[in-house]
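The lines below spell out each chain.
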Amino acid sequence: MQYMILCHETPADFARRDNPAEAGTYWAGWSAYGATLAQAGVFVSGAGLLPPATAATVRIRATGRTVQDGPFAEVKEHLGGFFLIEVPDMDAALDWAARAPSSATGSTEVRPVLAMPG
Amino acid sequence: MTPPAPDAAQAAAERAVRAAYGRLVALLAARNCDLAAAEDALSEALRAALETWPRRGVPDRPEAWLMTAAKRAAGHARARAATAAAALPDLTLLTDEASAMPDAFPDHRLGLLFACTHPAIDPGTQTPLMLQAVLGLSAERIAGAFLISPATMGQRLSRAKTRLREAGARFSRPDPDEIGPRLPQVMEAVLAAAALGWEAVPGSDPARADLASEAIYLAELLADLTPDQPEPKGLLSLILHIRAREPARNGQYLAVFEQDTALWDHRMIHRADRLLADAAAMGHFGRFQCEAAIQSVHSEGAMLGRTNWPALATLHAALDRLSPSLGGATAAAAVTLELDGPKAALAALDALTGAQGFQPWWALRAEALARMGDKVGQAQALHRAMGLTGDAALRAWLAARLSQASQRS
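Every value quoted in this text rests on a predicted model; they were computed, and no experiment measured them.

Chemist: Explanation requested: the packing of aromatic side chains in the structure shown.
Modeler: Remark: the centre distance and the inter-plane angle together describe each pair of aromatic rings, the angle taken between the planes. One pass over the structure, following the stated rule, counts seven aromatic pairs over all chains. Ring centres 6.1 Å apart and planes at 80° place the aromatic pair Trp30 of chain A and Tyr33 of chain A in the edge-to-face group. Here Trp30 of chain A and its partner Tyr33 of chain A are both found in helix 2 (residues 20–39), three residues apart, which amounts to about one turn of the helix. Measuring from ring centre to ring centre gives 5.3 Å for Trp53 of chain B and Trp65 of chain B, while their planes differ by 75°; the resulting arrangement is edge-to-face. In this pair, Trp53 of chain B sits in helix 2 (residues 35–56) while Trp65 of chain B sits in helix 3 (residues 62–80), placing the two residues 12 residues apart along the sequence. Among the aromatic residues, those joined into a ring-pair cluster are Trp30, Tyr33, Phe43 and Phe83 of chain A. Looking at Arg99 of chain A, its charged tip hangs above the ring of Trp96 of chain A, at a distance of 4.5 Å from the centre. Residue placement shows Arg245 of chain B over the ring face of Trp264 of chain B; its charged tip is 5.6 Å from the ring centre.

What follows is the structure, given as structure tokens:
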């Protein structure tokens, strides 16, 4: 089964990326996590995302098309990156999600991937 | 009795249930051989208490009142397959009746602990079942500790209770000759509960740190209920030794030798050592006494500033015979590192199979490589260890070592 690990980070987490005193530890945590997923043979794909301020959101309604600066909703935590993993079950996926650095500061969501027929 | 404020009645009811939960569930389950029904009856009794006590006052013996109410609820549930709400009018009369009951109930908690490790129950569910049946922890809280979704945990627990009923599990106090064969499994499940608490660094995850206190309660209970057995004393000693160091960790991860031993709970350590001595006097050495002895040597070493490594080597060799495990073998390699140097420790680590996903294996490997001057290897191993821990405090400790390693190279 494939599971998507969605890493939601706080504004403080995003700020650590650019703070010289903290950036080293911040990135070391993520690179260790990604490398460990790969070495455990569960990594399918994944990427980090630039901060939410760089986002733009598109909507098409009857009144026409709008493009809005920023992420789709004002929330306390924003998606900072994701991993797609291949593991036997939800328990195993939760076990990996708990090791993501975002679990200790923001939150890490686990979603089973919809199996496509055929 | 003057009617107290609703909050006070609720607090009194909750205190009574908390203190008596395992005893009451065990007794009810022993009568009916149905754990789920016993829990339902007790929660029905609690609901009745919350309706009655604010009006009639908190009874002198809340535990006895709850027991009588729960027995009636169970009786009504069985007889009429109806909810015990019908019994509510009777319950207002219970206060005086219950006060006349003797103080002590027969203690069936040992039977309950043993029932939780019944062969019909999947080993992975035995510890969660114990936490719920004996301590009354909610499925949500147990799910958090075991990293399982609450819905799944709820299903597993209710399936386990159905299995127990179908298997005709006995909940009454086991006969002395029945205790021996099943005791190791019961102790294993109590240790698993404790490990959940102490793997969490205090401060980083309060829900799991609480679990350490609950596990001590279970271990105390087991040691009290089996006074003629040495291994439950060893188990309690082990858990107390580790718990005693907690004040020195103060929300961070620190290895034993890095901790300020003045902050340790020395009375707890003294008690742990006395328990171990009592157990040893019984003349049957075992796995839990061995693990407690290892922790005792570590504590003494940190306090004296000089660790008795040869004693640890002997104890680890004994532990490997009594109960081989990856964690034990990795800890033994740490002793090898001190006694025989990094080459021997690396050889011991390389000899272990299935260790690639085990964080302590990588952390020790990093230390051995550092002592051989291999900075690159050390950094790689620290990186792997970091990726394998879910503990933010331990990750920070490993990251600090990693940054030291790259600065020195």
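Okay, back to it.
Chemist: I would appreciate a short explanation of the interface of chain B and chain A in the present structure.
Modeler: Bring the parts together and some accessible area is lost; that lost area is often taken as the interface size. At the junction of the two partners, chain B supplies 16 residues and chain A supplies 18 residues. Regarding the contact of chain B and chain A, the summed buried area is about 1300 Å², with carbon and sulfur atoms giving 60% of it. Between the two partners, chain B and chain A, sit one salt bridge. The partner of Arg156 of chain B in a salt bridge is Asp91 of chain A, with the nearest N and O atoms 2.6 Å apart. Summed over the shared surface of chain B and chain A, the number is six residue pairs in polar contact (both at pLDDT 80 or more). When residues of the side of chain B that touches chain A are traced back to their parent elements, those giving at least two are helix 20 (375–388) and helix 21 (392–408) of chain B. Broken down by element, the side of chain B that touches chain A gets its largest block of residues, five residues, from helix 20 of chain B. Residue classes in the side of chain B that touches chain A are distributed as seven nonpolar, six polar and three charged.

Chemist: Help me out: how do you make sense of the nonpolar core in this one?
Modeler: Soluble globular proteins: nonpolar side chains tend toward being buried together. All names here are of chain B. Membership of the largest hydrophobic core comes to 88 residues, with the highest contact counts inside it found for Leu35, Met130, Leu218 and Leu222. Among the elements that make up this core, the one with the highest residue count is helix 10 (residues 176–199) (10 residues). For this core, the domains that each give at least three residues are domain 1 (6–99) and domain 2 (107–198). For Leu35, the contacting residues outside a window of four places in its chain are Val25, Ala29, Leu112, Leu129, Ala133, Lys161, Leu164 and Phe171.

Chemist: For this particular structure, what's the right way to read the sheet that holds strand 6 (residues 107–112) of chain A?
Modeler: Working definition: the strands of a sheet are paired by backbone hydrogen bonds and lie parallel or antiparallel to each other. Residue and element names in this part refer to chain A. Across the sheet, which stays open at both edges, the four strands sit in the order 2-5-1-6 with antiparallel pairing between neighbours. Of all strands in the sheet, those with a lone pairing partner are strand 2 (43–48) and strand 6, marking the two edges. Adjacent strand axes in the sheet meet at a mean angle of 20°, parallel and antiparallel pairs treated alike. Bridging between strand 1 (residues 2–9) and strand 5 (residues 78–86) involves eight bridges; their strand directions are antiparallel. Bridge pairing in strand 5 links His8 to Leu79. Helix 2 rests against strand 1, strand 2 and strand 5 of the sheet, and its axis sits at about 20° to strand 5.

Reading the values: the criteria
- Residues numbered from 1 in each chain as written.
- Chains lettered and ligands numbered in written order.
- Predicted model: local features only at pLDDT ≥ 70, side-chain atom pairs only at ≥ 80, totals over all residues.
- Heavy atoms only, no water.
- Phe/Tyr/Trp six-rings, centres within 6.5 Å; stacked < 30°, edge-to-face > 60°.
- Helix = DSSP H or I, 4+ residues; strand = E, 2+ residues; numbered from the N terminus.
- Lys NZ or Arg CZ within 6 Å of the ring centre and 35° of its normal.
- Contact = heavy atoms within 4.5 Å.
- Buried area = accessible area lost by both parts, 1.4 Å probe.
- Salt bridge = Lys/Arg side-chain N within 4 Å of Asp/Glu carboxyl O.
- Polar contact = N/O pair within 3.5 Å; in protein donor to acceptor, adjacent residues only side chain to side chain.
- Nonpolar A, V, L, I, M, F, W, Y, C, P; charged D, E, K, R; others polar.
- Core = buried A, V, L, I, M, F, W, Y, C linked by side-chain atoms within 4.5 Å.
- Buried < 20%, exposed > 50% of the residue type's maximum accessible area, 1.4 Å probe, protein only.
- Domains from an automatic or database assignment.
- Pairing = 2+ DSSP bridges.
- Axes fitted to C-alpha atoms, helices over the stretch in contact; angles between N-to-C directions.

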